[in-house]
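# A look at the structure
The primary structure of each chain is shown beneath.
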Amino acid sequence: GTVIINPAGTQSGLQKYPMSDNAKTVLNLAQESLSIFSHHADAVALLPREATSWGYCHSGHWGMSMKNCLSTQAHPEFSTKTGLQTLKSILEKDKFGSCQTSSLREPSVE
């Protein structure tokens, strides 16, 4: 894949990302978009050949699936209790069954 400096500049805060059919399937969601608190200054311009995009926006491909891997460009905030619960939910719905949630610790500060 190819990552570049984001032509739209640094993006931070609550961002709305369009969801491809692949993202809806992998994340087990039906909505057309997903809002994520994020912060990043780069953009994924080109995914690896084996990857399938979750959607494309001002920051390039915001997420992808590849073999037994899933990744987001948006760097979602998982350090709060709500964020940790979101991460646990994603891992529990892992289509490949290879992720473990037992090593995730409760954050000390919300």
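The present account deals with the structure reproduced in this document. Keep in mind it's a predicted model, so treat the numbers as computed, not measured. (Residues numbered from 1 in each chain as written. Predicted model: local features only at pLDDT ≥ 70, side-chain atom pairs only at ≥ 80, totals over all residues. Heavy atoms only, no water.)

Moving on, we come to the pairing of strand β6 (residues 60-66). When you tally the buried positions in β6, you get six out of seven residues, the bulk of the element. Connecting strand β5 (residues 52-57) to the next strand, β6, in antiparallel fashion are two residues. In the sheet, β6 pairs with strand β7 (residues 69-72) via four bridges, with the strands oriented antiparallel. Note that in β7 the partner of Gly63 across the bridge is Thr72. Two successive antiparallel strands, β6 and β7, enclose a turn made up of two residues, where Lys67 displays a positive phi of approximately 50°. (Buried < 20%, exposed > 50% of the residue type's maximum accessible area, 1.4 Å probe, protein only. Helix = DSSP H or I, 4+ residues; strand = E, 2+ residues; numbered from the N terminus. Pairing = 2+ DSSP bridges.)

This part is about the packing of aromatic side chains. If you walk through the whole model with that rule in mind, you get two aromatic pairs. Judged by centre distance (5.4 Å) and plane angle (35°), the ring pair of Tyr17 and Trp62 falls under tilted. Placement of the pair is Tyr17 in strand β2 (residues 11-18) and Trp62 in strand β6, with a sequence separation of 45 residues. The two residues Tyr17 and Trp62 agree in class, both being buried. Residue class for Trp62 comes out buried when judged on its relative accessible area of 0%. (Phe/Tyr/Trp six-rings, centres within 6.5 Å; stacked < 30°, edge-to-face > 60°.)

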